[in-house]
Each structure stands twice: as C-alpha cells, then as structure tokens.
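Results of the structural survey
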Amino acid sequence: MKLLILAAGLGSRFGGPKQLAAVGPSGESLPEYNIFDALRAGYSSVVFLIRRGMEKDIRATLLSRLPGDIKVELAFQDPEAFVPDSLKQPIREIARQKPWGTAQALLCCRSVLRDDPFVVINGDDFYGRTGFAMIRQFFAAGRGKAIPEFCLTGYKLSGVVPPRGKVSRAFCSLDSNGCLTEIREHKAIERRNGRFVSIGPHSEEQTLAPELLVSMNMWGLGPQVFPWIEELFAEFLADPGHWASSEFYLPEAVGTIVERGWASFKVLPVRERYFGLTNPEDLADARAEALERSRNGEYPSPLWGGKPEGAGI
C-alpha cells in the first residue's frame, strides 16, 4: 500500500508551511514520524501532494533526511486540474488565491494512485502506528460486499483537541455495524473550562461530548473513488459562489458518497494520543510530545539513524 500525504496547504493560521516545521529533537517534521510508522506497518512507498512552489524546500529539508531506499513520489496540486474548460477563464478573472481543498488535492494524485488501495493523511498531524496497521489489515482481509467498502480511523474528541486555540474536526455518525452514516464538520472547536465547545458561524456555542468520534482525515481508499470525487467537484464548481474562496473538502465528498450509496466506510476506532500543528502555539506542545516519545523509546533520535524494522522496502 502507498501512503499519500496531503501537504499543499498554505498554513495561514500557523504562519507558514506546517508540514516542514521542525518538531522532533533532531529537527524531524510531522510527516517523517508518519512515514516512519507507515513503514513499520508494512507500507511500500510514499506520495507527497504539494504546491509547485514548495518542491525546492521539501527536497532540501524533509526529503533530504529520508533514507535513500524509501520510494517517494511527488504530485502537485494544480489549481486548474479537473476544472471544466468553460470555467477556467471566469475563475482566473477573480484571481483566487487558495488551493481548492483536500478532495481536489486527492484528484491531483490520480495518476500515481490508480492501481491499489492507499492511505491518505494530512501533512500537519501525527497519527501513530496503530491507524496505519488497522487500515492495512482492513484491506488485507478482503471485503466482498455488493458495493465498495473503504475505511477511516475515528478518534475520540477528547484526544484530538489541543490545549489552546481553535481547530476544525469532522464528526462521525455510525450505524450498528460501525459504518459511517454521516460526517459533519465543526470548524471552530476549543477547550474551555474543561468542556469542548463548538462555535458556529453566527457565534452560537454548542457543548460537545468528549467521547464523540471524529475523523482526523486518515482514510483508507481505493482508485474507485476518483470518478465519484471528480463528479462531485464538477457539482461544487457549478455554484459560482464557491469560486472565490470555498474549499472542496474530502470529508464532505465522502459524506456525499455515503449518502448516495456509492460506497460504505467502516470507522476504525483508534486510541492514540494526538498532536499536530494548527496554530503557532501548537509548536511548543508538539515538540514536547515528540521529545517525550523519543525519550521513552517509542522513536529513535535521530529518527532516521537506522532503517525502521519491517519497512518492506
């Protein structure tokens, strides 16, 4: 299986490219910890989805530290990829600055992910070895259902909200078989006096239960999803209101795929202590977490001092 790391984000709230920030005690970035864990779980290669302007920096920093026997491919998020020809000029005229979002980013990787199941993750979150292993086992078991079956990891809300600042999380509703029935994004969640609070678009507040399962954008997918996501992207672009700054997110695309009955998604509950980078103040916490995991022997330091066991490369 291949690991796809979505690393094309602008890092507007963080103030720069989070996926390249030095987190580990020897300067390791968050994607490096995820690559290390994926290799330990038996994954074969890595695909980075980036912006064209990032290539020089990512080669000089992150990629230069990886062992030479790890197969790495680069794909690029093209702002005009999969945009109908009739819409390209009108969209150019409004001078859109933002990428189109994680679902369009996935489409940009279609040519390198056309054969087998793969895992998709963010470039600015830590996931831990467990999720990689569970998704690989999911596909190894073979499904045999009437419609395609994919998966995602589900994390308890209490474990994936940082001590400070607001984050976005996608909440999962499940049926009796543990399959996704609905996924809904809350775009401003924070800890407040021991509670988890979601702040709505009109400043309305909702207290959330800490045991709710949320998606951290760790998906086990297959090439069957590409025609569906391309169709949904066309529907998204059909609304001119989306052209200036709206983003086409992978959780929303998956929610529509489930709603239309095109595929099912098994939610795999994962118990991992999360850390990641959303806001500038997260960096100190992430560095402390990485240092602790190195000191307790969970990860070597430097991370690439030796080839991970069971890498399969």
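Structure's up top.
We now turn to the structure provided with this report. Please read these numbers as outputs of a predicted model, since none were measured by experiment.

Helix and strand counts for the protein stand at eight helices and 13 strands. Taking 20 Å as the expected radius of gyration for a compact globule of 313 residues, we find that the protein reaches 19 Å, a close match to that expectation. A total of 313 residues make up the protein; the buried ones form 51% of that total. A total accessible area of about 13900 Å² is found for the protein, and carbon and sulfur atoms account for 49% of it.

Counted under the stated rule, the structure contains 16 aromatic pairs. Here Phe 138 and Phe 139 contribute two aromatic rings whose centre-to-centre distance is 5.1 Å and whose plane-to-plane angle is 90 degrees, an arrangement assigned as edge-to-face. Taken as a pair, Phe 138 and Phe 139 share a single burial class, namely buried. A ring pair is formed by Phe 236 and Phe 248, whose centres lie 5.4 Å apart and whose planes are at 40 degrees; its orientation type is tilted. One end of the pair, Phe 236, is in helix 6 (residues 225-237); the other, Phe 248, is in the loop between helix 6 and helix 7 (250-259), and twelve residues separate them in sequence. Note on accessibility: Phe 236 and Phe 248 belong to one class, buried. An aromatic cluster is built from Tyr 33, Phe 36, Phe 126, Phe 275, Tyr 299 and Trp 304, whose rings are joined through pairwise contacts. Above the face of the Trp 100 ring, Arg 96 is positioned so that its terminal group lies 3.8 Å from the ring centre.

Next up on the list: the side chain of Ser 198. Position of Ser 198 relative to the elements: it lies in strand 9 (residues 195-199). The exposure class of Ser 198 is buried, given its relative accessible area of 6%. Of the polar contacts made by the side chain of Ser 198, one reaches the side chain of His 186; its length is 2.7 Å. Not counting the four nearest positions on each side in its chain, Ser 198 is found in contact with His 186, Ala 188, Ile 189, Glu 204, Glu 205, Gln 206 and Leu 208.

Another point: the environment of Ser 301. Checked against the element boundaries, Ser 301 lands in the segment after helix 8 (282-295). Not counting residues up to four positions away in its chain, the partners in contact with Ser 301 are Pro 25, Ser 26 and Ser 294. Looking at Ser 301, its side chain comes within polar contact range of the side chain of Ser 26, at 3.4 Å.

Two elements, strand 2 (residues 45-50) and strand 3 (residues 71-76), share six bridges in a ladder whose sense is parallel. Bridge pairing in strand 3 links Ile 50 to Phe 76. In the classification by handedness, the crossover that spans strand 2, the intervening helix 2 (residues 55-65) and the parallel strand 3 is right-handed.

Another point: the nonpolar core. Among the nonpolar cores identified, the biggest contains 105 residues, and Phe 48, Leu 106, Phe 132 and Phe 265 are the most heavily contacted of them. Top contributing element to this core by residue count: helix 6, with eight residues.

Our next topic: the pattern of salt bridges. Any two side chains of opposite charge can pair, given that their charged atoms come close. For the structure on display, the rule yields 16 salt bridges. Glu 190 is the salt-bridge partner of Lys 166, the closest N and O atoms lying 3.6 Å from each other. Residue Lys 166 is found in the loop between strand 6 (149-156) and strand 7 (167-174), and its partner Glu 190 is found in strand 8 (residues 180-192); the two are separated by 24 residues along the sequence. A residue is classified by how much of its surface remains accessible, and Lys 166, at 36% relative accessible area, is partly exposed.

Calculation notes
- Residues numbered from 1 in each chain as written.
- Predicted model: local features only at pLDDT ≥ 70, side-chain atom pairs only at ≥ 80, totals over all residues.
- Heavy atoms only, no water.
- Helix = DSSP H or I, 4+ residues; strand = E, 2+ residues; numbered from the N terminus.
- Rg over C-alpha atoms; globule rule 2.2 N^0.38 Å.
- Buried < 20%, exposed > 50% of the residue type's maximum accessible area, 1.4 Å probe, protein only.
- Areas by Shrake-Rupley, 256 points an atom, 1.4 Å probe, with all protein chains shown as cover.
- Phe/Tyr/Trp six-rings, centres within 6.5 Å; stacked < 30°, edge-to-face > 60°.
- Lys NZ or Arg CZ within 6 Å of the ring centre and 35° of its normal.
- Polar contact = N/O pair within 3.5 Å; in protein donor to acceptor, adjacent residues only side chain to side chain.
- Contact = heavy atoms within 4.5 Å.
- Pairing = 2+ DSSP bridges.
- Right-handed = clockwise from strand over helix to strand, strands pointing away.
- Core = buried A, V, L, I, M, F, W, Y, C linked by side-chain atoms within 4.5 Å.
- Salt bridge = Lys/Arg side-chain N within 4 Å of Asp/Glu carboxyl O.

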